[in-house]
Protein chains: 2
Amino acid sequence: MRFRHCGFLETLKAFLNTLTPLRPETWQRVEPLFSEIRLPKGQFFLEEGRQAAQIGFLTEGIIRAFYRNQDGTEYNKHFFIPNSFAGGYASLITGKPNQIWQQALTNCRLLVADFAALSALYDSAPDLERAARMLAERFFVQKEEREIELVLLDAQTRYALFQQHYPGLEQRIPQYHIASYLGVTPTQLSRIRRKIAQR
Amino acid sequence: MRFRHCGFLETLKAFLNTLTPLRPETWQRVEPLFSEIRLPKGQFFLEEGRQAAQIGFLTEGIIRAFYRNQDGTEYNKHFFIPNSFAGGYASLITGKPNQIWQQALTNCRLLVADFAALSALYDSAPDLERAARMLAERFFVQKEEREIELVLLDAQTRYALFQQHYPGLEQRIPQYHIASYLGVTPTQLSRIRRKIAQR
DNA sequence: CTGATTCCTTTACCTATGTCATTTTTTTTT
DNA sequence: AAAAAAAAATGACATAGGTAAAGGAATCAG
């Protein structure tokens, strides 16, 4: 029995409806699978090596997704901002051990759900499966755009794009996280910033 | 009226069934949408700027997918090998102008279909939509793996991975295409090869 | 408020890789 | 087989960006 209406669930519902309209009876079965959690700054939503089980819809805060290689070097591949899905999507899909880390850069709130429970609904809710298809397609397109950025543009241009894509974010997180997202060292980002400033 | 049974359609059917089992009645509606074409070496399957309309299932030959930036520099993002889907997937999905080129590196055969006609079947064929979902998810996972490669590994390691992922391909296409796939110049790939050889 | 962290910038030096020009090797064509 | 074209290797040089260390600035905790 639920007593209060949670505002964030409405946000999630609205997001899903931007993919494809969900029938009310589908939403009625989806909604109870989600519960709200808080993730304090610095905590991990996801750690490498385990198999991911939960998908999370970020409602407040910033999460960074990153890879770490053997020597401990990190590479920030993405920043999650409110109103988007976090979680080890590739691992959820494939069932293989997750390769990415996800860490809260600020205090966060998420709606989390067990991914297996969600996808078990596909059989009887084709509209939900359609949403899942469109989400996968959207993720694919985002990745392709990011690939084009990484491969075709130099660091300075990527920096400008970062500022466009994540307005205001630069002021909220340390610069070395941005450098890592751009694929350069903090040293190099500093050089780029100086070069831009003295013009 | 069709007179001959085309062997390649069976290959396509088998591929789709690795995603999810298709009902016979669905396959009956999918099959007639595909027709076989030949693409001679050097020809383009896809050119930048247009909106993509067709999806192609490669049955023979090699196709390279690449980006080209303003100054004409090219970057090979992927090689299609037989038994996989080519086509400007992102453009097909979003309806936006296509950003990538696809060119036959050898004589090729493909089964092509109008993507809109295919996706029009989703409403009445949930099993086909499921296949589409799983294909999108698979593409996403591939992209993520490639991203990890590009970002975490150096050129020499990526070269070794290329040889693993595309066995035999190295002998069939010019080295500068491989260099471009690795994100280095032919000069640099040549240096890497020398370094490997003298050990 | 103040000491302690954390973060950012800068400098010096070094390496990987780019550019360009030339030569060698391989492939294709006649 | 010879000639032509394409591809690959090589050398000289330039540069973007990495590493390491150190100092300054900002932020946080007690």
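Look up a bit, the structure's there.
## What to know about the overall build of chain A
Looking only at helices and strands, chain A has eight helices and eight strands in total. Per-residue burial for chain A yields a buried fraction of 50% across its 199 residues. Within chain A, contacts between residues at least 6 apart in sequence are counted, and of these 73% link residues at least 24 apart. Accessible area for chain A stands at about 10000 Å²; split by element, carbon and sulfur atoms hold 51% of it. Here chain A holds 25 positive side-chain charges and 20 negative ones, and the gap between their average locations is 6 Å.

## Description of the layout of surface pockets
Roughly 980 Å³ of volume is contained in the largest pocket. Taken together, 40 residues make up the lining of the largest pocket; nearest its centre are His78(A), Gln142(A), Lys143(A), Glu145(A) and Arg146(A). Mapped onto the lining of the largest pocket, the elements with two or more residues apiece are strand 5 (74–80), strand 6 (84–86), helix 3 (89–94), helix 5 (126–152) and helix 6 (155–165) of chain A together with strand 4 (63–68) and helix 5 (126–152) of chain B. If one sorts the elements of the lining of the largest pocket by residue count, helix 5 of chain A sits on top with 10 residues. For the lining of the largest pocket, a count of residues per class yields 20 nonpolar, 10 polar and 10 charged.

## Re the interface of chain A and chain B
Taken together, the contact pairs 29 residues of chain A with 29 residues of chain B. Put simply, chain A and chain B have 12 salt bridges between them. In this structure, Glu144(A) and Lys77(B) form a salt bridge, with 3.3 Å as the shortest nitrogen-oxygen distance. Summed over the shared surface of chain A and chain B, the result is 12 residue pairs in polar contact (both at pLDDT 80 or more). With 17 residues, helix 5 of chain A is the single largest residue contributor to the side of chain A that touches chain B.

## Quick notes on the nonpolar core
Counting residues in each nonpolar core, the largest one holds 73 residues, and the members touching the most others are Leu12(A), Phe34(A), Phe85(A), Leu12(B), Phe34(B) and Phe85(B). Element by element, the count of residues in this core is highest for helix 5 of chain A, at 10 residues. Contacts of Phe85(B), omitting those with residues within four sequence positions, involve Leu12(B), Phe15(B), Leu16(B), Phe34(B), Ile55(B), Gly56(B), Phe57(B), Phe80(B), Leu135(B) and Phe139(B).

## Let's talk about the relation of the copies chain A and chain B
Between the two chain copies there is a screw-like relation: a rotation about an axis and a shift along it. Mapping chain A onto chain B calls for a rotation angle of 180 degrees and an axial translation of 0.0 Å; the resulting RMSD is 0.0 Å. Put plainly, the chains are arranged around a two-fold axis. Taking C-alpha positions as reference, the residue of chain A nearest the rotation axis is Arg133(A), located at 2.1 Å. The fraction of interface residues of chain A whose copies in chain B are also interface residues reaches 100%, indicating that both copies meet through the same surface.

## A short note on the packing of helix 6 of chain A against helix 7 (residues 175–182) of chain A
Residue and element names in this part refer to chain A. The interhelical angle for the contact between helix 6 and helix 7, taken along N-to-C directions, is 120 degrees, at an axis separation of 10 Å. Between helix 6 and helix 7, the angle is such that the two are oblique. Of the two possible hands of crossing, helix 6 and helix 7 adopt the one that is right-handed. On helix 7, the residues that touch Arg 158, Tyr 159 and Phe 162 of helix 6 are Ile 178, Tyr 181 and Leu 182. When grouped by side-chain class, the residues that make up the contact of helix 6 with helix 7 number five nonpolar, no polar and one charged.

## A few points about helix 5 of chain B
The terminal C-alpha atoms of helix 5 of chain B lie 39 Å apart, and with 27 residues this matches the ideal 39 Å at 1.5 Å per residue to within 8%. Of all the 27 residues making up helix 5 of chain B, 19 are buried; the element is thus mostly covered by neighbouring parts of the structure.

Definitions and limits used
Residues numbered from 1 in each chain as written. Chains lettered and ligands numbered in written order. Predicted model: local features only at pLDDT ≥ 70, side-chain atom pairs only at ≥ 80, totals over all residues. Heavy atoms only, no water. Helix = DSSP H or I, 4+ residues; strand = E, 2+ residues; numbered from the N terminus. Buried < 20%, exposed > 50% of the residue type's maximum accessible area, 1.4 Å probe, protein only. Contact = heavy atoms within 4.5 Å. Areas by Shrake-Rupley, 256 points an atom, 1.4 Å probe, with all protein chains shown as cover. Lys, Arg positive; Asp, Glu negative; His and termini not counted. Charge placed at Lys NZ, Arg CZ, Asp CG, Glu CD. 1 Å grid on protein atoms, 1.4 Å probe; cavity = no way out; pocket = protein on both sides within 12 Å on 5 of 7 lines; lining within 4 Å. Points joined across faces, edges and corners; volume = space filled by probe spheres on them. Nonpolar A, V, L, I, M, F, W, Y, C, P; charged D, E, K, R; others polar. Salt bridge = Lys/Arg side-chain N within 4 Å of Asp/Glu carboxyl O. Polar contact = N/O pair within 3.5 Å; in protein donor to acceptor, adjacent residues only side chain to side chain. Core = buried A, V, L, I, M, F, W, Y, C linked by side-chain atoms within 4.5 Å. Least-squares fit on C-alpha atoms with pLDDT ≥ 70 in both. Axes fitted to C-alpha atoms, helices over the stretch in contact; angles between N-to-C directions. Parallel < 35°, antiparallel > 145°, perpendicular 65-115°, else oblique. Left-handed = near helix turned anticlockwise from the far one by under 90°. Expected span 1.5 Å × (residues − 1).

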